Amino acid sequence: MLALVRQRAGLATGIGIVAALVIALFVAGEERALVIGVYTGSAYGLVALGLVLIYKSSGVFNFAAGEFGGVALCTLYLLHSEGIPYGFAVVGGLVAAMVLGLLTEQIVVRPLFEAPRVTLLVATAGVALLAIAIQIWFFDSQGRPIAKAFPTTDRVTVLSVQISDQRLWLIGTVLVLAVVLGLFFTRTNLGLAIIGASQEPTATELVGISVRRLSTFTWVLAALLGGLAAVIAIPDGGSFTPGVMTSGYLIPAFTAAVLGGMTSLPGAFVGGVLVGIVQSFATNASIFQDGGALDIPGTPSTLLVFIVLLVVLVIRPQGLLGRSS
Amino acid sequence: MTLRRPLLLLVALTLVAAACGQKAGVAGTGGEGGGDATAPVVTAGPPVTAPSVGTTPPDGSTPPGTGSTAPTGSGPASTEPQVPATTAPPAAVYEPGDDDTVGVTDDEIVIGIHAPVTGASPIPQTSFDIGKDIYWQFLAENAPDQLFGRAVRVVFHDDEFNPQRAVQVCREMVEEDGAFLLVGAGGADQITACAQYADEQGIPYLSACVNQEDLADLSTYFATSLTYAEQAPLMLDQVAELGVTEIGLVVSDTPSFNDAFEAIRAAAEEAGITIAYDTRINKTAAEAEQLSVVQELKDAGVEVVILLSSPLVFIGLANQGVNQGFTPTWLGPGVTSGLNAVTNFGCPGVDTGLFFNPTPQLDVIDELDPDFRAAYEQFGGGDPADDIGLGLWALNKALGLMLAQTGEELGRAAFMNTLVSTAGFDNGIYSPLGFTADDHFGGTGAHLLDANCEQKMYTTAAQFVEVG
Amino acid sequence: MTELLTRPAAAQDRPARFRPSAAGWLLRLVVWAAIAYLVLIVPLGRPALELQDFARAACYAIVAISLNVLLGYVGQISLGHAAFVGIGAFMSAYMVTVQGQAFWIGVLAAAAIGGAQALVLGGVSLRIRGLYFALVTLSYGLVAGDNIFQIESFTGGGAGQQAPKPQGFESEWRYYYLCLAFLAIVLYVDWRMMRTKSGRALLALRENPRVASTFGINVRMATLFAFVVSGVFAGLAGALLAHNDLSVSATTWNFNLSLVFVIMTVVGGLRSRPGLVIGGAFFALTPYIIEKIPGFDDLLVKIPAPFDLTPETARLVIGPLLLLITLIQFPGGIGQQIRPITRWLAGHRFDIHDKGPKEVQITDVRA
């Protein structure tokens, strides 16, 4: 009983922090930051889902999560510019992402199964850097245009922020996936097997489940998530540059995942939105501008995200929606 | 292993160098470029009393009260009009040091250029690699005596869009490659850093100008285009022409742009234009920040936004704007934002872009200098001429004129003395440049480029828009 | 019967401590001399700017040792080490250029601020562990680049701060020797530190913090101590790097560099000093090495479009490839691979199968 209360109390604290933030924003007159937070944070959240998935299953921070998406994006661009219809090009991109995920798992992760996690982090970083280098090689470091799948830009307007069809698809996808994956890991046999394999690999093998097959499945799924994030989110901006997924999305996604609780899939979305809100608030709030009361040298949003991260982790080391270990 | 934030493209290349002796039209007959280049110095030149650049186009009329263009108070006799190019400029502001003739031999002059090829704002390297040599190849074939039998060799290093690295590569170019003079292709901070180094070493350093503050005191620095601050009146004139009275102002948040920010605000006040919203945006603004700024601009309801930022931020803002139904005219002192690479992937947002640029675009270059395309056909190895190549061509042409004007006894001091004592340099592509001992900001005008998403390129909306 | 009750075998059954023969000593001496020649004499014949690269290699080695304290001894990942180094660089440049102090004061200030900063971060890490801590360091690294290094009065304007070489060490080769000397000092301090009780406590800590505390090791103090040492080394390296390059700007100290630092430390080999030095030096010298490969540029030009590569892009591609190959084949890093040689050089028997003490990874990165 007490444990239940404590668990609920944990969730309540998380919700409390979020509520306090929302109220503060309204008071400060920056409620639009909420909208922008959801707008941009959903992209971070989708990448974060892939990060959380890998972390839950193998304890690795998958540095290549961004570039799974990058590969999908490049493939989409290449196929589409060769005249292939957009839908097929998207599928092609997702397939490419999954192939990269498979290759990464087979070539890099398998041999390092027993290695320290920091070695794996560095190895996935190597994969990401290699993927980016290859993109630079082929695209000469230059950006490329990429059209939206759905051209309508003003389907919904919230607080004078127009939300395009593309963006609505992104938000929808993240929400659905977060819930589905959350249920997957708690209710389905396969999901539970994955968690089990990460915590007790020997026992899992003894029960007859192939840990290796699970690992492959997880990485391919994570790659698919990364690919989805890229092909849905990036075209909304109209263009991409080599390495954009890693330089623009990986670190906020990492922050989002940690804020939400590295073990919580819905938390990834919440974390993403939180990062988006903080970035937007920091950019617009006049107190942080030159001459304001709290004039922050350089970019206010970086400092504010850092402070929020520290505060959340100090108050709740397992993240907003994470379970305490 | 570069993993920089938005890998940007396009760095300003243009290095405007002074041309000597050419009037705007005459330069078009570049076929006899060799002969013309050694023509006498143009008589009309910019009045040099004031530090700010207020120049009149070389239309043949002598500017008021300035028969001579000698640097004030420098002592020796000023250059007379019609002085033949072969005599050394008499004004001796610069004394030769021990390394005065580094990079100069009987056969060769070495020029060092640094530019970002990797890092936050990379140029397409292939364009650069080809473009940097074409003018010199052309010159060697068509006017080998212009430089007194010397060929020019260009060495190039990547500065990775990092000022610390820029100083490094500048040192390398001087100490290892033996560069005679240095050129900065782009990136205000890198240019400032390398210019400081060059100044300490007494090496001539030229670049398309960006900021003014940190460069104004350097004695070996020469700006080959208008600074951002100098372009402020031009921009505000354009605003007036667009018929609006309220604008937005977005400038990247880097100390180098402080003087530009202030200058634009001052110019707006003078012109009676209200700045409804202004902000200093992060150099590498993420989507959330771009969107926030766009929302604020939209709230302010402006139809024109003056923008001073990297091309990637421009593209981001413009496209976020399109998503939000906000499509103002984006006006700015471009250089990098005015490159076709931007229209290659920035459309549809960038369609309303209007940028000033030291060089015009490819659509008018044939009238100004038919040699350009011809040279590319001959020496370009099959690659089509592009606007980066054009920037390099113009730069090199100007450099060629400056080197020729210095004469056979080529040394760093002589070169710089020539720069400050020659009335004007006009390569026909840039607005004419003029330097004096007090004012090393040689730009006098710019061209206005208009983005065109249908053709996926920039077109030249106005040529030789000049200050004052 | 009584034999069974006799005491276990006495000391004579323990294998005698290995002592190399005279020939063995001589051979080791020759190899040491060769190494010394390579490191100390050969660079002098190179042009001055190359010595700058070598000095940088020595500084990177110091960074690797610094990062190893966190990564290898404490077991915490720092993804923001560029900030530690950068703040030392700026501090030294500031002291020398703005405050007009001597180089040595600058170095001292740099080491001090590096240590102080690390101490604060270490305090934070006491509550936040593993991957979460990694993110905090990453975020801190970004804050350093975006905020701390943008304080104009401290770091100069956009073009950065100047950092002239110290008096008496203006020439490149002298500065190189200076960096080598500092590297030697850092190596020595690191070695002594790990032989002390606190040092051994650290290693115990990494394997199992709870057990360590039952042995009376003050977990907190040991961790904080490690952080401070790491920060001091990093700040020192920063100062040396600043004066090597003659200028410091904020762009250098970015996340990419932090990543390079982690990569070079892991590839060099955690807890292996020779490996760390080689790893750091190698990564600092990679552009130099690639440039020097004869015919490399020509080879690149021969590749047909659209596959043609520039040297810069080639570097970008080769680097991660090498990294992946090294990691997959040699997870223990270079240090582990050369362990037979380094042990031999230290006077032990040459044992090709020596892979170092078996590591027990219990609490790794999981939160």
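Residues numbered from 1 in each chain as written. Chains lettered and ligands numbered in written order. Predicted model: local features only at pLDDT ≥ 70, side-chain atom pairs only at ≥ 80, totals over all residues. Heavy atoms only, no water.

**What to know about the overall build of chain A**
Moving on, step 1. Looking only at helices and strands, chain A has twelve helices and four strands in total.
Moving on, step 2. In terms of overall size, chain A behaves like a compact globule, its C-alpha atoms giving a radius of gyration of 20 Å where 325 residues would be expected to give roughly 20 Å.
Moving on, step 3. By principal-axis analysis of the C-alpha atoms, chain A measures approximately 60 × 60 × 35 Å.
Moving on, step 4. Taking the contacts inside chain A whose residues are at least 6 apart along the sequence as the reference set, 72% of them involve residues at least 24 apart.
Moving on, step 5. Within the structure as shown, chain A displays about 12000 Å² of accessible surface, and the carbon and sulfur contribution to it stands at 70%.
Moving on, step 6. Once the 15 positive and 14 negative side-chain charges of chain A are each reduced to a mean point, those two points are 12 Å apart. (Helix = DSSP H or I, 4+ residues; strand = E, 2+ residues; numbered from the N terminus. Rg over C-alpha atoms; globule rule 2.2 N^0.38 Å. Contact = heavy atoms within 4.5 Å. Areas by Shrake-Rupley, 256 points an atom, 1.4 Å probe, with all protein chains shown as cover. Lys, Arg positive; Asp, Glu negative; His and termini not counted. Charge placed at Lys NZ, Arg CZ, Asp CG, Glu CD.)

**Description of the overall build of chain C**
Moving on, step 1. Along its length, chain C carries 17 helices and two strands.
Moving on, step 2. Per element, the accessible surface of chain C, about 16800 Å² overall, is 65% carbon and sulfur.

**Points about the pairing of strand β2 (residues 151-158) of chain B**
Residues and elements named next belong to chain B.
Moving on, step 1. Buried residues dominate β2, accounting for six of its eight residues.
Moving on, step 2. For strand β1 (residues 108-115) and β2, the ladder comprises eight bridges, and the chain directions are parallel. Residue pairing for β2: Ile 113 is matched across the bridge by Phe 156. (Buried < 20%, exposed > 50% of the residue type's maximum accessible area, 1.4 Å probe, protein only. Pairing = 2+ DSSP bridges.)

**Concerning the interface of chain A and chain C**
Moving on, step 1. Contacts between the two partners involve 48 residues from chain A and, on the opposite side, 44 residues from chain C.
Moving on, step 2. Counting each side, the surface lost to burial between chain A and chain C is near 4200 Å², with a carbon and sulfur contribution of 79%.
Moving on, step 3. On inspection of chain A and its partner chain C, the count reaches zero salt bridges.
Moving on, step 4. On inspection of chain A and its partner chain C, the count reaches six residue pairs in polar contact (both at pLDDT 80 or more).
Moving on, step 5. Of all the secondary structure elements, the ones that give two or more residues to the side of chain A that touches chain C are α2 (32-58), α4 (86-109), α5 (117-139), α10 (244-260) and α12 (300-315) of chain A.
Moving on, step 6. Considering each element in turn, the side of chain A that touches chain C owes the most residues, 15 residues, to α5 of chain A.
Moving on, step 7. Tallied by class, the residues present in the side of chain A that touches chain C amount to 34 nonpolar, 13 polar and one charged. (Buried area = accessible area lost by both parts, 1.4 Å probe. Salt bridge = Lys/Arg side-chain N within 4 Å of Asp/Glu carboxyl O. Polar contact = N/O pair within 3.5 Å; in protein donor to acceptor, adjacent residues only side chain to side chain. Nonpolar A, V, L, I, M, F, W, Y, C, P; charged D, E, K, R; others polar.)

**A look at the interface of chain C and chain B**
Moving on, step 1. On the chain B side, the residues contacting the 32 residues of chain C number 28 residues.
Moving on, step 2. Put simply, chain C and chain B have one salt bridge between them.
Moving on, step 3. One salt bridge connects Glu 172 of chain C with Arg 171 of chain B, and the closest N-O pair in it is separated by 3.1 Å.
Moving on, step 4. Secondary structure elements with two or more residues in the side of chain C that touches chain B: α3 (48-74), α6 (130-146), β2 (247-248), α12 (255-268) and α15 (311-329) of chain C.
Moving on, step 5. Top contributing element to the side of chain C that touches chain B by residue count: α15 of chain C, with five residues.

**As for the pattern of salt bridges**
Moving on, step 1. As enumerated under the stated definition, the model contains 21 salt bridges over all chains in all.
Moving on, step 2. Close ionic contact of Glu 296 of chain B with Arg 32 of chain A constitutes a salt bridge, the shortest N to O distance being 3.6 Å. Highlighted residues: Glu 296 of chain B in helix α7 (residues 287-300) and Arg 32 of chain A in helix α2, drawn from two different chains.
Moving on, step 3. On the basis of relative accessibility, which here comes to 23%, the residue Glu 296 of chain B falls in the partly exposed class.
Moving on, step 4. Arg 32 of chain A gets classed as buried once you look at its relative accessible area, which sits at 15%.
Moving on, step 5. Glu 108 of chain B is the salt-bridge partner of Arg 153 of chain B, the closest N and O atoms lying 3.1 Å from each other. Of this pair, Arg 153 of chain B sits in strand β2 while Glu 108 of chain B sits in strand β1, and the two are 45 residues apart along the sequence.
Moving on, step 6. Under the relative-accessibility criterion, Arg 153 of chain B is labelled partly exposed at 35%.

**Side note on the nonpolar core**
Generally speaking, soluble globular proteins have nonpolar side chains that are buried together.
Moving on, step 1. Grouped together as the largest cluster of nonpolar side chains are 209 residues, with contacts concentrated most on Leu 49, Phe 240 and Phe 254 of chain A together with Leu 79, Leu 240, Trp 253 and Phe 261 of chain C.
Moving on, step 2. Take this core: its biggest share by element is 18 residues, from α3 of chain C.
Moving on, step 3. Those residues in contact with Trp 253 of chain C that lie beyond four places of it in its chain are Gln 164 of chain B together with Ala 82, Val 85, Gly 86, Ala 89, Phe 90, Gly 145, Phe 149, Leu 241 and Val 248 of chain C.
Moving on, step 4. Core analysis: the second largest hydrophobic core is formed by 55 residues, Leu 206, Tyr 376, Leu 403 and Leu 410 of chain B among them. (Core = buried A, V, L, I, M, F, W, Y, C linked by side-chain atoms within 4.5 Å.)

**Structural notes on a nonpolar patch on the surface**
Moving on, step 1. The grouping of Trp 32, Ile 35, Tyr 37, Leu 38, Val 39, Leu 40, Ile 41 and Val 42 of chain C at the surface amounts to a nonpolar patch, some 710 Å² of accessible area in total.
Moving on, step 2. Val 42 of chain C gets classed as partly exposed once you look at its relative accessible area, which sits at 35%. (Patch = residues over 30% accessible without salt bridge, like charges linked within 9 Å, V, L, I, M, F, W, Y side chains within 5 Å.)

**Concerning the pairing of strand β12 (residues 457-466) of chain B**
Moving on, step 1. Pairing of strand β11 (residues 445-452) of chain B with β12 of chain B, which is carried by seven bridges, proceeds in the antiparallel orientation. When the bridges of β12 of chain B are listed, Gly 445 of chain B appears paired with Glu 466 of chain B.

**Section: the state of the cysteines**
Covalently bonding the sulfur atom of one cysteine to the sulfur atom of another cysteine gives a disulfide.
Residues and elements named next belong to chain B.
Moving on, step 1. With the rule as written, the count across this model stands at two disulfides over all chains.
Moving on, step 2. Here Cys 170 connects covalently by a disulfide to Cys 194, the sulfurs 1.7 Å from one another. Note on the Cys 170 and Cys 194 pair: the S-S dihedral is about -115°, so by sign convention the disulfide is left-handed. Of the two residues, Cys 170 is situated in helix α3 (residues 163-175) and Cys 194 in helix α4 (residues 188-201); the sequence distance between them amounts to 24 residues.
Moving on, step 3. Overall, the relative accessible area of 0% leaves Cys 170 in the buried class. (Disulfide = S-S within 2.5 Å.)

**Side note on the sheet that holds strand β4 (residues 205-207) of chain B**
Residues and elements named next belong to chain B.
Moving on, step 1. Spatially, five strands are ordered β2-β1-β3-β4-β5 in an open sheet, and the strand pairing comes out parallel. Strands at the two margins of the open sheet, each flanked by one partner only, are β2 and β5 (221-223). With strand direction ignored, the average angle separating the axes of adjacent strands in the sheet is 25°.
Moving on, step 2. In the packing of helix α2 (residues 125-142) onto the sheet, the strands contacted are β1 and β2, and the crossing angle to β2 comes to about 160°. (Axes fitted to C-alpha atoms, helices over the stretch in contact; angles between N-to-C directions.)

**Structural notes on the confidence of the model for chain A**
Moving on, step 1. Across chain A, the average pLDDT comes to 85, with 94% of residues at or above 70.
Moving on, step 2. Averaged pLDDT values over the elements of chain A bottom out at 72 in helix α1 (residues 2-28) of chain A and peak at 93 in α4 of chain A. (pLDDT = per-residue confidence, 0-100.)

**As for the packing of aromatic side chains**
Moving on, step 1. Using the criterion set out here, one finds 42 aromatic pairs over all chains in the structure.
Moving on, step 2. Summarising the aromatic geometry, the rings of Tyr 135 of chain B and Trp 393 of chain B are spaced 5.0 Å apart at their centres and angled 90° between planes, so their arrangement reads as edge-to-face. Separated by 258 residues along the polypeptide, Tyr 135 of chain B in helix α2 and Trp 393 of chain B in helix α12 (residues 387-406) bring together distant segments of the chain.
Moving on, step 3. Each residue in the set Tyr 135, Trp 136, Phe 138, Phe 372, Tyr 376 and Trp 393 of chain B is aromatic and connected to the rest through ring pairs, giving one cluster.
Moving on, step 4. Cation over ring: Arg 212 of chain A sits above Phe 113 of chain A, and NZ or CZ is 4.9 Å from the ring centre. (Phe/Tyr/Trp six-rings, centres within 6.5 Å; stacked < 30°, edge-to-face > 60°. Lys NZ or Arg CZ within 6 Å of the ring centre and 35° of its normal.)

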